[in-house]
Amino acid sequence: MAENDQNLRAEGEAADRETVLRREYHAQTAKVRWHELQVAYARGRLVTVETGMNLVEVAVQLGLDNTAVFRDWIASGRIAHVSDELAEDWSIDDRELWAVVAPPWVLVQST
């Protein structure tokens, strides 16, 4: 009986954490110009998220350390480090991107 209670409590805590992360990341998501993201890019902390994916959901899964999901997204090319070529393209017109900070990463997505 005590083991079942512990399992239920752990599941509830995980669900609560996911809810809190989703709320926090949603509140922190904003449109940001490329020049404001260059420091994160220079530090290798900028990750691009495929258009059409839910940026907040990606941040939540990162916050939950959902390694299996991230492996799939990386393998399929849906998320990746921002390449030098992409950074150069975005720099030319100081592109506006959706961004959310999911420490230590900054996730970005084309608008």
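Anyway, here's the lowdown on the structure attached to this text.

Conventions used here
- Residues numbered from 1 in each chain as written.
- Predicted model: local features only at pLDDT ≥ 70, side-chain atom pairs only at ≥ 80, totals over all residues.
- Heavy atoms only, no water.
- Helix = DSSP H or I, 4+ residues; strand = E, 2+ residues; numbered from the N terminus.
- Buried < 20%, exposed > 50% of the residue type's maximum accessible area, 1.4 Å probe, protein only.
- Areas by Shrake-Rupley, 256 points an atom, 1.4 Å probe, with all protein chains shown as cover.
- Pairing = 2+ DSSP bridges.
- Axes fitted to C-alpha atoms, helices over the stretch in contact; angles between N-to-C directions.

### Re the overall build of the protein
Reasoning step 1: Summing up its helical and strand segments, the protein has 5 helices and 5 strands in all.
Reasoning step 2: Tracing the protein from N to C terminus, the helices and strands come up as α-β-α-β-α-α-β-α-β-β.
Reasoning step 3: Out of the 111 residues in the protein, the part that is buried amounts to 30%.
Reasoning step 4: A total of about 7,100 Å² of accessible surface is found on the protein, and carbon and sulfur atoms cover 50% of it.

### Observations concerning the sheet that holds strand β3 (residues 79-81)
Reasoning step 1: Ordered by their spatial adjacency, 5 strands build an open sheet running β1-β4-β5-β2-β3, and the pairing between neighbours is mixed. A strand with exactly one partner marks an edge of an open sheet, and here the two such strands are β1 (30-33) and β3. Across this sheet, the average inter-strand angle for adjacent strands is 40 degrees, counted without regard to direction.

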